[in-house]
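# Understanding the architecture of this molecule
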Amino acid sequence: MDALLSQLRATAEPTRLRLLALCARGAFCVTELCAVLGQSQPRLSRHLKLLTEAGLLERLPEGSNVYFQVPAQAELVRVILARLPEEEPVLQADRRQAARIAAERARAASDAFQREGMDWDELRALDLDAAAIEAALLSALPERIEALLDIGTGTGRLLEVLAPRTRRALGVDASREMLALARARLSERGLAESCTVRQADMYRLPLADRSFDAVTLQMVLHYAEDPAAALAEAARVLRPGGILLLADLAPHGSADVLTRFAHRWPGFDDSELAGWLGQAGCALAARADIPGRLPVRVWRAEKLPADALSHA
């Protein structure tokens, strides 16, 4: 009862309700929230601290910035926000300001990528069939997914593709520039409420054990210094019976690709992956090949239940 009363008290203030309404639509940093609400940073920081301590917002450090968003488990926030009238003038003004800031964020990220020569897509650079790869990923996943994690999400394209099937999706990436573009993509397509992104190291995910029903890694593993460790960490956050889906290069033997694109691995064969997956408590269940200039393969593995592991 005390926790519920604390949450109710935390929401009972106009500025804090406005903050919750904004952060339920996507992640914002303090400076962006100050710009939307027209209030000082010390004042908003106090409100954000109260909401975070009550468990109504989560704090996501990212470089020199800290982003705030409504956590997936904060059902009370959604119940309260559902009772706020959409036509409320203050909330409408906040949404317009937030949309303007999201557009500026996207433009700044795109400009930075172009200045630094990072406006680049690996599938296009390798002349791979992106549509066929996405179709293979979709066919390997169930029609409905409660919670999905995309590791190495990049600009969030896979989150966008899988959004219609997921109730809650999270993308993680080590690059702040990539995350800026992903946030802009998701905001522009109206997906920021169900699809979020955050900065994270794939070897040390800041996520609870057994918290996702599906985990995807698309064209990520060939950059990993330690693929077995990356797969073990992906499996850790996967619920028993959940799906671990990998899309990557099959063995190709192209020294030019390794040199030009700084790949650590020249593709993966089934036995190699099956061994790493087995060590991580998963079983390889299916695979699909996508023909092209370079061989691409989609592997589908399933997390074994605890009793199966204990008898292995």
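Rules behind the numbers
- Residues numbered from 1 in each chain as written.
- Predicted model: local features only at pLDDT ≥ 70, side-chain atom pairs only at ≥ 80, totals over all residues.
- Heavy atoms only, no water.
- Patch = residues over 30% accessible without salt bridge, like charges linked within 9 Å, V, L, I, M, F, W, Y side chains within 5 Å.
- Areas by Shrake-Rupley, 256 points an atom, 1.4 Å probe, with all protein chains shown as cover.
- Salt bridge = Lys/Arg side-chain N within 4 Å of Asp/Glu carboxyl O.
- Helix = DSSP H or I, 4+ residues; strand = E, 2+ residues; numbered from the N terminus.
- Buried < 20%, exposed > 50% of the residue type's maximum accessible area, 1.4 Å probe, protein only.
- Pairing = 2+ DSSP bridges.
- Axes fitted to C-alpha atoms, helices over the stretch in contact; angles between N-to-C directions.
- Contact = heavy atoms within 4.5 Å.
- Core = buried A, V, L, I, M, F, W, Y, C linked by side-chain atoms within 4.5 Å.

### Structural notes on a nonpolar patch on the surface
A cluster of nonpolar side chains, namely Met1, Leu4, Leu5 and Leu8, defines an oily patch on the protein surface of about 420 Å² accessible area. Mapped onto the fold, Leu8 is located in helix 1 (residues 2–11). Under the relative-accessibility criterion, Leu8 is labelled partly exposed at 37%.

### Examining the sheet that holds strand 2 (residues 58–62)
The sheet built from three strands is open, its strands ordered 1-3-2 with antiparallel pairing. At either margin of the open sheet sits one strand with a lone partner, and together these are strand 1 (28–29) and strand 2. Note that strand 2 and strand 3 (residues 65–69) share five bridges and pair antiparallel. By the bridge assignment for strand 3, Leu60 is matched with Tyr67.

### Topic: unusual backbone geometry
At Arg210, a position not held by glycine, the phi torsion is positive, near 50 degrees. Note on placement: Arg210 falls in the loop between strand 6 (195–199) and strand 7 (212–218). One non-glycine residue, Met219, lies in the positive phi region at around 55 degrees. Turning to its location among the elements, Met219 is positioned in the loop between strand 7 and helix 11 (227–236).

### Topic: the pattern of salt bridges
Side chains that carry opposite charge are capable of pairing whenever their charged atoms lie near each other. A full pass over the atoms with the stated rule returns 21 salt bridges. Its salt-bridge partner being Arg189, residue Glu160 comes within 2.7 Å of it at the nearest N-O pair. Here Arg189 lies in the loop between helix 10 (176–188) and strand 6 and Glu160 lies in helix 9 (residues 157–162), a separation of 29 residues in the sequence. Several salt bridges share partner residues, and in doing so they unite Glu134, Arg157, Glu160, Arg185, Glu188 and Arg189 into one network.

### Examining the sheet that holds strand 5 (residues 166–173)
The strand order across the open sheet built from seven strands is 6-5-4-7-8-10-9, with neighbouring strands paired in mixed fashion. Edge positions in the sheet fall to strand 6 and strand 9 (282–290), since each has one partner strand and no second. Between one strand and the next, the sheet's axes are offset by a mean angle of 20 degrees, whatever the strand orientation. Two elements, strand 9 and strand 10 (residues 296–303), share eight bridges in a ladder whose sense is antiparallel. Along strand 10, the bridge assignment pairs Ala283 with Glu302. Along the sheet, helix 11 makes contact with strand 4 (145–151), strand 7, strand 8 (238–249), strand 9 and strand 10, crossing strand 8 at roughly 145 degrees.

### Topic: the nonpolar core
Counting 34 residues, the largest nonpolar core has Leu128 and Ile133 as its most contacted members. For this core, the elements supplying multiple residues, two or more each, are helix 8 (130–139), strand 4, helix 9, helix 10, strand 6, strand 8, helix 12 (255–261) and strand 10. Beyond its immediate stretch of four places on either side in the chain, Ile133 contacts Leu123, Leu128, Gln218, Ala247, Ile290 and Val296. In terms of nonpolar packing, the next biggest core, distinct from the first, is built from 32 residues, Ile151, Met202, Ala235 and Phe268 among them.

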